[in-house]
Structure formats: structure tokens, C-alpha cells
Amino acid sequence: MTEKEIISLKRRALEHYFRKLNSPQREAVFAVHGPVLVLAGAGSGKTTAIINRIAGMIYFGSAYEKADGNLFPDDQQYLTDYINGSAPEDMGRLRDILAVYPIRPWNILAITFTNKAAGEMKARLTAMLGESEAADVHAATFHSTCVHILRRSISNLGYSNDFTIYDSDDSKRLMKSCISDMNISDKKFPPSAVLNEISSAKDKLISPKELMADSQNDYRKLTIAKLYAEYQSRLKRSNALDFDDLIYLTVRLFEQFPEELEYCQNRYRYILVDEYQDTSVSQFRLIQLLSGRYMNLCVVGDDDQSIYRFRGATIENILSFEHTFPNSRVIRLEQNYRSTQTILDAANGVISHNAGRKEKKLWTDAGAGDKITWYKAADEISEAEYVAKTIVDLVSHGASYRDFAILYRMNAQSNSLERMFIRNNIPYRIYGGIRFYERKEIKDILAYLSVINNPSDSLRFHRIVNEPKRGIGESTVTLIDNISNDLRMSPLDVMRQAESFPVLAKRMAKLKEFSSIMDMLTEKADELPFDQFLDLLLEKTGYKEMLEAQGDEGLTRLENIEELKSSMIEYENESEDPSLSGFLEEVALFTDVDKYEPEQDVVLMMTMHAAKGLEFEQVFLVGFEENVFPGNRAIHSINPSDIEEERRLAYVAITRAKHRLFITSADRRMLFGSTMCNSRSRFLAEINCELIDKQGVSYEPQKQNIGTGSAVLSSLEQQLRQQTAKSQTSTPKIFSPGDKVTHNIFGEGVVLSVSKMANDSLIEVAFDKVGTKKLMANFAKIRKL
DNA sequence: TGTGCACCTGTTTTT
DNA sequence: CAGGTGCACA
């Protein structure tokens, strides 16, 4: 057999092994070396391609690219039989025969943006490769990858490796104190605005000095640069890093310490980046540095799905990949496995109005499917009514609640929908929104743990020193702060030695009391298991007592803390080497406790942004009106690319739907306390009208007489109104707090509160299974037990 | 030092 | 409309 024949046979065997993939997907799997750009349209089996690629690298190495010696006749025979299906798939033997320099799993780095994506990748790798090989692949987010690197080497930059990670709330507090201490007006320089600018500077790898140099004649910029410098020095003093620092400092580390970079380059020889269209300048630089030695870089993304420019993503990274990495291969995945052709045509129609994109056209062989329904409602109430009615109707015809998702542009839009869903007893869940670790009580407890773990963390010290109230007020804390800054000792040390500082004499007893509690806790932190330690902390700090005095709300908060405790226990059980700092790190980077549980049979509501990466049988896109979507900010922006970003968002939203797509607009909408009239969204006009089935009010908007409410209603709407009226006259039900009740969807629960409304009452019920819900007593399918 | 009320201001968000 | 913030007062 010639070498040519060997490689051709082996290639056919490999192609047979990956026969479930389509041909561009296989191309992505086999292109192991060199720079590769995979342009993966929505629903094109991107993750499948990535997983198979990693598996292929580990199983077969460069078998597709290089021949390696001769083939024994019986191996040759086996391959031939395997290809034509007459021999069984013997993985061990296939690997033996085919593999050429198989890649070791720990040499592979797969970077994602969210923990969810990283978790999914891990899970799918485990399913394909098995536990042991999958565990060695480093699949993680940008941020946790950087933490990993920095924990090892950050001492080069003058931080210690037990650094604390600040979240955006911590950053904001720190910035507030910088602003007030530097006597700068927080009216002219709102902390969040300053932080945004600093964050975007860090994203662009601009240091405080560089920003300063760049803004000599601009007072505003100069002030921000000064604040940046101050903020950064305070972070360092607290041995803390904010989210942007994780990337920024890793890049600096690599640039200043080539040996550190080299170590990582050798460790991560094969790099894969998911959602590449969302990378920022600093993330790009990080990738460029890491892949600089071996150039085995595969990036996967879709420029049409870039919707995070507002937080630093530069679409140019993906648009200029081929230019930045010469000799790169570009692979397009355009076959869509998710949606009907109608939905894809709509998406293609919208996105084709954007300039400056890589031309792609999604297609499917799934068939045309149903038309898209456009419903024009009178106002946001009847819009919500339409959505609710349609879902009830489809569910009664065999659909499940979990088939539906409602996507909106702004969180504020969920209100009317929620109310209507509660009325109609449609179980729903808002995905995204308030996050568990952002709750005050959780942040307080975590602050206690942080201070115990890292006493120099003065920001978190501030948070807890007088929480619960223990008579250590603002002025005392300022004194402690000054001393601690002047003498370079931790605030807690200052308290411990309060007697040495005459200014603190008056408050000495209270200060000593607090510091001794913290000392005791610090001592016990290593001895006790997490749950017992947390109980002790709650007890000794008086936090528990404080919550218990707060009644119902305090009880909910205590329950949340219990939840935190269970996640600590979970961490303790699952981690090989559990430690307080390890737990805090996990919490800092893994913000999602409100997990998405697809098993639950509920309708999901979320913003269009939050829907990225998800898919649903039937999707409602609500609020398709000018000034809502696209939003007024984008419409009035001087920069036309803002509209393009909205359009990409529309593209993302449309392509979430597998089978059916409903789009709604309202003639009148109450938003932020005032009513406005908007014409239908321009994105609607960008969809070929033959794909759309129009429903709802058939008159043109009567902008001049808002509020007459006498608009001609469609028959559907009249039906709805009648139904609502009917159910309103059913016998009123009376509940009082403490009543045990049962609901035919939510199960059993206890009434928390009752408030009278017009001719009904709003009751709040704590259900055993689904948590607290607000229900209308007369509408809800609920009865006393 | 702690509390209550008036005022104000509103995209999208992961880490 | 609703939640967060800041300021005045106890």
C-alpha cells in the first residue's frame, strides 16, 4: 500500500466514524492544526461540531492530515469492513489503527463565556469521551481560566494568590468611596458611569497612566483617569480583583513575564473559543498570546449573533480573523437543524439588512412549516391577553407549557404578561432577572466569610462592620479606615488594638467586642464543617437574631441563607480539597443558582438577550414596536451600528423558535408610567409579508384620541373580554393569612397575605414546591384545605 | 446614629 | 408604575 492509499483509507474510516455530522462539520473536526474560523449560524449544530472535534483530537490526533507508517493487512481489512458496515465499531482497535500523535486531553483548552456553556460542554464531553478523559480537558469560562492562571502566578504582579474577586456591586461601592474621598461630585461623575468607562478601558487594555496621558486637556476624562488610578490602587491594597482585572492582569502577566506565558502555551497547545463574536479586545489579546507559540486556535462564532457590543464585545475580532491569523481556514455551518424554513427565511430577511457582515444563508431540509403569526393588539394588556389565550388554547390541544417562551426587549415588559398569566393560571417562570448571590443577606454573609478569609478586604469589612447594627457608625469607621490606610494594617487589626489609638477610646468596648467575635470565627473556620461554621457565624454575629426580629421578610432571608448553606455543603462534598477561599471563588464566578430546569412544565419568560443559546418549540416575540424594539436609544443614536445591533438581536430572537413564531405589537403601551403610541417595528417590515399571517385589530392606530378605549375589537379579543368578565362574576372566595390551600398546578401552600382589590383580592401564597406566588383569589384555581 | 419620606429615574448583562 | 437614593429630622 502506498502512503497515499493508506491515508485515503484512513480518511474514509474517519469520515465513517463521524458519519452523523454533515460535511462542513466534519471539516471542522478534521482541521486540528493551525488557525480555524468556524462561522456557525444559529442552530447549525455548533456544539456538536465542537464536541466531536475535541473527541477526534483525543482519539485520532492528526490522523486525517498525516499518514504514520504502514498498515497491517488485517487492520486494513478491518477498516474496509468497518467502512462498508460489515465490521462492528471497536473503539479500541480504531484508535490503535488510526491515531497519529493523539492529543492529550490536558493540552486542550476550551473557552466559553458563561458557566452554563462550560457546564454543558463538560457534560457532553463526559458523555462522549467518558469521565476520565473528559475531566482532563480544560473547559471553562474566560474568567475562571484566568483565575486559574492568576492563582498560580499573580505574585509576580504584587498581589497575593489568595486574592478576593469583587463583583459589580463591590466595585460600585469601592468607586463610590473613591469619588467621595477625592471630593468629586457624584452628580457629575456617577459611580456606575465612571465604572463603565474604566471597564471599557480595561477591556481595551488601557492602563490608568495611559488613560491619563490620553486626556490632558479634557477635565472629564482626566477625572476619570484619576479615579481609575485610585480605584486600582485601592483594589490592590485590598488584595482584590474586579471581573475586568481577571482578564487584564492575566494579559499583563503574560506580557511582562514571558516564562509564565511560555508555561501556559505549552500547557494549552490546542485552544478553542466558543461565541467568538462576543470577545473583547483584552480577551482577543489573551487568546492571541496563548495561541502564539503553536497557533492551534479554533474559534467558533456567528457575527450575526453579536449582541453584546454594549459591554465591550468587538465584532471586528471575528470579521478580521482571517486577516489577523494568516493561512487560516474558514468553515461555514449553514445548515440549520432547529427551525422551519419559514422561520429561517424571516431571520435571513431581517439580518440581510445589515451591512458589514459575513454573508451566510441558513437553510434547512425540515420543510416550510406554519406561517408566522403577527398579532396587532390595542395595548399591552390585550397583547398579554392574546399571548395567554393562545397558550391556553394550544395547551388544550395537546401542547405543554414548557414548549413556550416569551421574549421581550426589556425586563419591564414582563409585568403585564405576568399579571395576565397569574389570572389565567398559566404556570410561568422568569429566567434571568434577580440573581441569588445578589440578595443583600447573601452578600452580607459572603462578606463575613470574605473578611475571615482575607482580612485586608476593607470593602467587605465596611459592609459588615455595622450589620447588624452594633453601634459602630460612619464616623468611627472613617477613623478606623484612616488609621488602617496610614499604618498599612487591616481594619480588623486596628480594632483589635483599639487601645493604642486615643481617637477610638470612646468606642473601644464595641470595637473590641466585634474584633474578638471575628477572631473567634477565624479560628473556628478551619476546624468546623461549613454548615456548623455558618450556624456559629449567624449566632455570634447577631445576624440571625436581627432577621428573626424582622418577621416574614426576615424569615425568607433566613431561608435564603439556608440555601446558601446547602450550596456550601454541596461544594464541600464535591470538591477534592474544600476550603473557604475555594468556595468564595466558586461563588464569585458562578452566579447562577436560579438554574434553568427544563423538566419543569412552565412557560418561560425572558429578555431576548437571555434567550441566546436556547431554543423553544413555540416563541412569542412581544413589543415589536418602534422605540421598544428597536429601542429609542438605538433609534436616536448617531451611530447607525446601534440599529444593526438591535437587528442582530431580532435575528437571535427569531431563530430561537423551532416550529412556531408569534410576533405581537401594541398600538398603545404604558411604559414607565406614561402611555405612548408607536408604529410597528421596522424589523417586521423586513420579513417577507408572504411569511406572515396577520391577526388582531384591523384599524390604523388612532393616535389622537388615546384613552377613549372604544376601539373596534377583533372577534378574538371580544371573546377574551367576555371570558374574563364571566370568570369575574364567579363566587368570591375569602382567604386569610395562615390558611392552608391547594392549587391545581402549584400544589399545596400557606397563605401569607391578603390584600383587597376592586372586587377581588390579591393573595400571596407560599407553596411548598414552587415558592411564593401572588394570585387573584377569584381567578386562581385554588381552594382551602 | 438611625429612620422615614420625597424625589428621581429609568435598555440589553456575564463574569 | 416602582424601586432605589439622598436628605432632613429625631
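None of these values were measured; they are calculated from a predicted model.

Let us look at the side chain of Glu646. Tracing the backbone shows Glu646 in helix H31 (residues 641-654). The class for Glu646 is buried, based on a relative accessible area of 8%. Among the polar contacts made by the side chain of Glu646, one reaches the side chain of Arg409 at a distance of 2.3 Å. A distance of 3.0 Å separates a polar side-chain atom of Glu646 from the backbone nitrogen of Gly631. Every residue in contact with Glu646, bar those within four places of it in the chain, is listed here: Arg409, Phe629, Pro630, Gly631, Ala634 and Phe683.

Now for the nonpolar core. In terms of nonpolar packing, the biggest core is built from 63 residues, with Met175, Leu246 and Phe254 touching the most fellow members. With seven residues, helix H13 (residues 243-256) is the largest single contributor of residues to this core. In contact with Phe254, other than residues within four places in its own chain, are Ile149, Glu260, Leu261, Cys264, Leu286, Leu289 and Leu290.

To continue, consider the confidence of the model for chain A. Confidence in the prediction of chain A, expressed as mean pLDDT, is 86, and 90% of residues score 70 or more. Contacts for the low-pLDDT stretch residues 699-732, under 50 throughout, to residues beyond four places or in other chains number 42 contacts.

Moving on to unusual backbone geometry. Residue Pro630 is reached from Phe629 by a cis peptide bond, and omega for that bond is 0°. With respect to the helices and strands, the residue Pro630 is situated in the loop between strand S13 (616-621) and helix H30 (632-635). At Asn627, a position not held by glycine, the phi torsion is positive, near 80°. Mapped onto the secondary structure, Asn627 falls in the loop between S13 and H30. Look at Asn627 and you get partly exposed, because its relative accessible area is 26%.

Once that is clear, we can look at the pattern of salt bridges. According to the stated counting rule, one finds 53 salt bridges in the structure shown. Across the salt bridge formed by Arg460 and Asp170, the nearest N and O atoms sit 2.3 Å from each other. With Arg460 in helix H22 (residues 458-465) and Asp170 in helix H9 (residues 168-181), this pair connects stretches of sequence that are 290 residues apart. Judged by its relative accessible area of 1%, Asp170 is buried. Here Glu686 ties to Arg647 by a salt bridge, and the two come within 2.8 Å at their closest N and O atoms. With Glu686 in the loop between helix H32 (682-685) and strand S17 (692-696) and Arg647 in helix H31, the pair connects residues that are 39 residues apart, well separated along the chain.

The terminal C-alpha atoms of H9 lie 20 Å apart, and with 14 residues this matches the ideal 20 Å at 1.5 Å per residue to within 8%. Buried within H9 we find Asp170, Ser171, Leu174, Met175, Cys178 and Ile179. Where H9 starts, the residue carrying a side-chain oxygen 3.1 Å from the main-chain nitrogen of Asp169 turns out to be Asp167. Phi for Asn183, located one or two positions after H9, is positive at around 55°.

Turning to the packing of aromatic side chains, a few remarks are in order. Applying the stated rule across the entire model yields 24 aromatic pairs. An angle of 35° between the planes, with centres 6.2 Å apart, marks the rings of Phe404 and Phe620 as tilted. Here the residue Phe404 occupies a position in strand S10 (residues 404-408), and Phe620 occupies one in strand S13, the gap between them amounting to 216 residues. The interplanar angle of 10° and the centroid separation of 6.2 Å between the aromatic rings of Phe530 and Tyr571 together place this pair among those described as stacked. Separated by 41 residues along the polypeptide, Phe530 in helix H26 (residues 530-541) and Tyr571 in helix H28 (residues 552-574) bring together distant segments of the chain. Taken individually, Phe530 and Tyr571 each receive the classification buried, so the pair is uniform in this respect. Through successive ring pairs, a cluster of aromatic residues spans Tyr17, Phe18, Phe30, Tyr59, Phe60 and Tyr64. For the cation-ring pair, Arg151 lies above Phe163, with the distance from its terminal atom to the ring centre recorded as 4.0 Å. Geometry around Tyr308 places Arg311 over its ring, the cationic atom sitting 3.6 Å from the centre.

Criteria and cut-off values
- Residues numbered from 1 in each chain as written.
- Chains lettered and ligands numbered in written order.
- Predicted model: local features only at pLDDT ≥ 70, side-chain atom pairs only at ≥ 80, totals over all residues.
- Heavy atoms only, no water.
- Helix = DSSP H or I, 4+ residues; strand = E, 2+ residues; numbered from the N terminus.
- Buried < 20%, exposed > 50% of the residue type's maximum accessible area, 1.4 Å probe, protein only.
- Polar contact = N/O pair within 3.5 Å; in protein donor to acceptor, adjacent residues only side chain to side chain.
- Contact = heavy atoms within 4.5 Å.
- Core = buried A, V, L, I, M, F, W, Y, C linked by side-chain atoms within 4.5 Å.
- pLDDT = per-residue confidence, 0-100.
- Salt bridge = Lys/Arg side-chain N within 4 Å of Asp/Glu carboxyl O.
- Expected span 1.5 Å × (residues − 1).
- Phe/Tyr/Trp six-rings, centres within 6.5 Å; stacked < 30°, edge-to-face > 60°.
- Lys NZ or Arg CZ within 6 Å of the ring centre and 35° of its normal.

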